[in-house]
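The residues making up each chain are set out below.
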Amino acid sequence: MTRYEYAKDLYAKIGIDTEKAIEKLMELPISMHCWQGDDVVGFDSKEALSGGIQTTGNYPGKATTPDELMADIDKACSLIPGKKKLNLHASYAIFENGEFADRDALEPKHFTKWVEYAKARGMGIDFNPTYFSHPMVKDNLTLSSPDEEVRTFWVNHGKACLKIAEYFANETGVPCVMNIWIPDGYKDIPADRLSPRARFKKSLDEILEVPYDKSKVYITLESKVFGIGLESYTVGSAEFSLSYVNHKGITPLMDNGHYHPTEVVSDKISSLLLFNEKIALHVTRGVRWDSDHVVIFDDETKEIAKEIVANDALDRVFIATDYFDASINRVAAWVIGLRNVQKAMLNALLTPHAQLRALQDGANTTKLLALQEEYKTYPFADVWNEYCERCGVPVQEKWIDEVEKYETEVLSKR
Ligand code: RNT
Ligand code: ZN
């Protein structure tokens, strides 16, 4: 009997079919953020990263061209099990033959290379307008700017991106999630909290005037509690974003680095599922603040996965990663984080939620806690290894050798 067969029998005894769990996970797309590969720099401007987010570290070998970034994504994908979707930012537009288009004038043609890339790999594409690292970010404001020229520029960027999102969906045949996040805010106490939010609302309304096919493009709005240098006030707060989303029938996006440190996204998922057809997540790891550390297999990541699986919402939650670590090998950062998201999902798929729910409803909280703890030491790893093997990716830590080889042969030569 192999370790997997033994584990399969044990899980069967608590009503879990490991084969079904593996099958389900293989079909679940995780949207992989392209920006881990180059510290959120992109190809369209020489501006330093701004917008209250920060990458720290200068590990050698980062991607500086589209070909390098694509090669690095390929390498990472070959080491991550499961289905991936590509998550691009507008700043990753690819200009050829000396042409250039500013953010308000971007067109689908600036992304044909990415479409070719995704199609060749059977991947869908998600998209993000880039409201940071650009000279038109004035006084830390974009869509909420009191300067009409600035505000209009960014409205036009949103509109341009919506057309590109639809182009991605049409080309790949997979719906595109277009996520709007703006950094806008104030470092210190604002005199007027209402007007920036009113302007943001107006700007979003203007962007949403562009006709688009709602079965192909899901527009999400990502909230945030604060940014670096923008500690006192964020225009796109949680209340603003949820209210706007519900008002307009678009989709909420929660990034688990964007709340007060003791608030958890795992507790918010069920509420949003009751009031939204779809919801979206940025899975990250905040350490003290929205530090965008690499996702690990920790309690909150597991709890987020549990909420998706236990509430039967695998087809209602768009799961994307969002972190950026420049202090370690960037390909490894992708692999570690994405493998851990997959692990958390598998862990949730191997949990007998109906049984635990019955204990809760029967008020048997003693047995509930006892079993929740016992199930933590079930042979999860044996199913995980089997899953990796079936997905054709290295089992256990073997993937590290691959990354080290890639570092020697490719990254260190850049
Ligand atoms: C920033 C937001 C946002 C970005 C990416 C690059 O705090 O989380 O999602 O990280 O768009
Ligand atoms: Zn995010």
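Anything mentioned here points back to the structure above.
Basis of the calculations
Residues numbered from 1 in each chain as written. Chains lettered and ligands numbered in written order. Predicted model: local features only at pLDDT ≥ 70, side-chain atom pairs only at ≥ 80, totals over all residues. Heavy atoms only, no water. 1 Å grid on protein atoms, 1.4 Å probe; cavity = no way out; pocket = protein on both sides within 12 Å on 5 of 7 lines; lining within 4 Å. Points joined across faces, edges and corners; volume = space filled by probe spheres on them. Helix = DSSP H or I, 4+ residues; strand = E, 2+ residues; numbered from the N terminus. Donors = N, O, S within 2.8 Å, 3.2 Å for Na, K, Ca; no water. Tetrahedral: all angles 85-135°; square planar, octahedral: opposite > 155°, others 65-115°. Buried < 20%, exposed > 50% of the residue type's maximum accessible area, 1.4 Å probe, protein only. Near = heavy atom within 4 Å. Polar contact = N/O pair within 3.5 Å; in protein donor to acceptor, adjacent residues only side chain to side chain. Areas by Shrake-Rupley, 256 points an atom, 1.4 Å probe, with all protein chains shown as cover. Sits in = over half its atoms within 2 Å of the grid points. Contact = heavy atoms within 4.5 Å. Salt bridge = Lys/Arg side-chain N within 4 Å of Asp/Glu carboxyl O.

Here the focus is the layout of surface pockets. Quantified by volume, the largest pocket comes out at close to 740 Å³. Along its surface, the largest pocket is lined by 25 residues, and Glu303, Lys306, Thr351, Leu356 and Gln372 are the ones closest to its centre. Sorting the residues of the lining of the largest pocket by element identifies helix H9 (299–310), helix H10 (330–349), helix H11 (353–361) and helix H12 (365–375) as the ones contributing at least two each. Residue contributions to the lining of the largest pocket peak at six residues, all from H9.

The next subject is the coordination of the zinc ion (ligand 2). Those donors, Glu222 (OE), Asp255 (OD), His282 (ND1) and Asp322 (OD), are the protein atoms that reach the zinc ion (ligand 2), and they lie 2.1 to 2.2 Å from it. Geometry at the zinc ion (ligand 2) is octahedral, judged from its six donor atoms and the angles of 71 to 171 degrees they form at the metal. Read from N- to C-terminus, the donor residues coordinating the zinc ion (ligand 2) fall into the pattern E-x32-D-x26-H-x39-D. Pair noted here: Glu222 is in strand S6 (residues 217–222) and Asp322 is in the loop between strand S12 (317–321) and H10, with a separation of 100 residues, a long-range link. Of the residues examined, Glu222 reaches a relative accessible area of 5% and is grouped as buried. Residue Asp322 is classed as buried on the basis of its relative accessible area of 8%.

Next up on the list: the site of ligand 1. His89, Glu222, Lys224, His258 and Asp322 are the nearest of the 13 residues found near ligand 1. In this structure, an oxygen atom belonging to ligand 1 sits 2.8 Å away from a side-chain N or O atom of Asp322. With the chains in place, 100% of the 310 Å² that ligand 1 exposes on its own is no longer accessible. Of the pockets mapped on this structure, ligand 1 occupies the largest cavity.

With respect to the helices, strands and loops of the structure, Ala333 is situated in helix H10. Residues Ala333 and Thr321 lie 12 residues apart in sequence; the distance between their C-alpha atoms is 11 Å. In contact with Ala333, not counting residues within four places along its chain, are Gln36, Val294, Tyr323 and Ile328.

By the definition in use, this model includes 23 salt bridges. Between Glu148 and Arg151 there is a salt bridge, with the nearest N and O atoms lying 2.8 Å from each other. One end of the pair is Glu148 and the other is Arg151, both in helix H5 (residues 148–172) and three residues apart, which spans about a single turn. Shared partners join several salt bridges into a network, and the residues in it are Glu19, Glu386 and Arg390.

A positive phi is found at Asp292, a non-glycine position, where the angle reads about 55 degrees. Within the secondary structure layout, Asp292 lies in strand S11 (residues 289–293). A relative accessible area of 3% means that Asp292 is categorised as buried. Even without being glycine, Ala363 reaches a positive phi, approximately 60 degrees. The residue Ala363 is located in the loop between H11 and H12 in this model. For Ala363, a relative accessible area of 59% puts it in the exposed group.

That's the geometry; what it means functionally is another story.
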